[in-house]
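Residue strings, one per chain:
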Amino acid sequence: MIKQPEKTFLGQPGSLLRQKECPVVVAIQGPLDGRRWEIQDELIIGRGDDCQIQIDDRQVSRHHARITSVDGKMMLEDLASKNGTFLAGKVITESVPLADADMFQIAIIYKFVFYCSDATMPMEDLIPPLSGGENRLVVDEKSRRVWVQGKELTPPLSAPQFRLLGELVSHAGRVIPRNQLIQSIWADEAAEGVSEQALDALIRRLRDRLAEMDTSHNYIVTVRGHGLRFNEKE
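Definitions and cut-offs
Residues numbered from 1 in each chain as written. Predicted model: local features only at pLDDT ≥ 70, side-chain atom pairs only at ≥ 80, totals over all residues. Heavy atoms only, no water. pLDDT = per-residue confidence, 0-100. Contact = heavy atoms within 4.5 Å. Helix = DSSP H or I, 4+ residues; strand = E, 2+ residues; numbered from the N terminus. Pairing = 2+ DSSP bridges. Axes fitted to C-alpha atoms, helices over the stretch in contact; angles between N-to-C directions. Phe/Tyr/Trp six-rings, centres within 6.5 Å; stacked < 30°, edge-to-face > 60°. Buried < 20%, exposed > 50% of the residue type's maximum accessible area, 1.4 Å probe, protein only. 1 Å grid on protein atoms, 1.4 Å probe; cavity = no way out; pocket = protein on both sides within 12 Å on 5 of 7 lines; lining within 4 Å. Points joined across faces, edges and corners; volume = space filled by probe spheres on them. Nonpolar A, V, L, I, M, F, W, Y, C, P; charged D, E, K, R; others polar.

### So, the confidence of the model for the protein chain
Averaged over all residues, the pLDDT of the protein chain is 79; the fraction at 70 or higher stands at 79%. Of the regions scoring below 50 in pLDDT, residues 1-19 engages in 38 contacts with residues more than four places distant in sequence or in other chains. The model gives residues 126-134 a pLDDT under 50, and that stretch makes 15 contacts with residues more than four places away or in other chains.

### Quick word on the environment of Gly48
Considering the arrangement of structural elements, one finds Gly48 in the loop between strand 5 (42-46) and strand 6 (53-54). For the pair formed by Gly48 and His64, sequence separation is 16 residues and the distance between their alpha carbons is 9.1 Å. Those residues in contact with Gly48 that lie beyond four places of it in its chain are Gln54 and Arg62.

### Brief notes about the sheet that holds strand 16 (residues 151-152)
Read across the sheet, three strands follow the order 14-15-16 without closing on themselves; strand pairing throughout is antiparallel. The sheet is open, and its two borders are formed by strand 14 (137-140) and strand 16, each paired with just one other strand. Where strand 14 meets strand 15 (residues 145-148), four bridges bridge the pair, whose relative direction is antiparallel. Considered in strand 15, the bridge of Leu137 is made with Val148. The strands touched by helix 1 (residues 159-170) are strand 14 and strand 15; relative to strand 14, the strand with the most contacts, the crossing angle is about 110 degrees.

### A word on the packing of aromatic side chains
For the coordinates displayed, the defined rule picks out three aromatic pairs. Ring geometry for Phe104 and Phe112: centres 5.5 Å apart, planes at 20 degrees, overall stacked. When its relative accessible area of 0% is taken as the criterion, Phe104 is described as buried. What makes Phe112 buried here is its relative accessible area of 1%. Pairwise contacts between aromatic rings join Trp37, Phe104 and Phe112 into one cluster.

### What about the layout of surface pockets?
Considered as a void within the structure, the largest pocket measures approximately 760 Å³ in volume. What lines the largest pocket is a set of 33 residues, and nearest its centre among them are Arg47, Asp49, Gln54, Ala159 and Pro160. No other element matches the five residues that helix 1 contributes to the lining of the largest pocket. Classifying every residue of the lining of the largest pocket by side-chain character gives 14 nonpolar, five polar and 14 charged.

Right, dumping it as structure tokens:
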């Protein structure tokens, strides 16, 4: 990883957060539009659950592409993907260096921009969207980013975790039946084949992720015999 000096940037109105300057990738086309990722050691893009940028699309290979630091340069590499990785509109067949503001595509459909650091990004990408100002938890559906207590949840939630949280937040205060949650989360699959244990495991993982940022509050309340409810405030 390239070691760079720390800087201060505006995380949200009224708060200053300390961050190391790291290379970043920003999605500018596709369902992930507006979302950004810092590159610590490496950034793997693909459909697999172990990818830092997870794209839930069959046109994207399980491990599609990778960005790594080699001799002080950030390199983009295609991982023998089925539908290709493109830099400046041209398919790449070997590891290529990335320059600031370079645009690359995954399977043509998903477009990203690489920045050498947050300092070179447009200012609007540094300030997270807020809803209500005082909310403990903020979910941005467009960029699929989540903030807890004013701090962004990183690494990002997996696609099923985000769908679960989004369904709960969109019905805040209401109890959502478990079968409705299963249909919402696994709508693109055979939802009838999803077990109760699979839903329980997903709920547990989401609770654990939220607890990483805020141990003082239970966001997801189980209403026995009925379902789940999102609890924004005490």
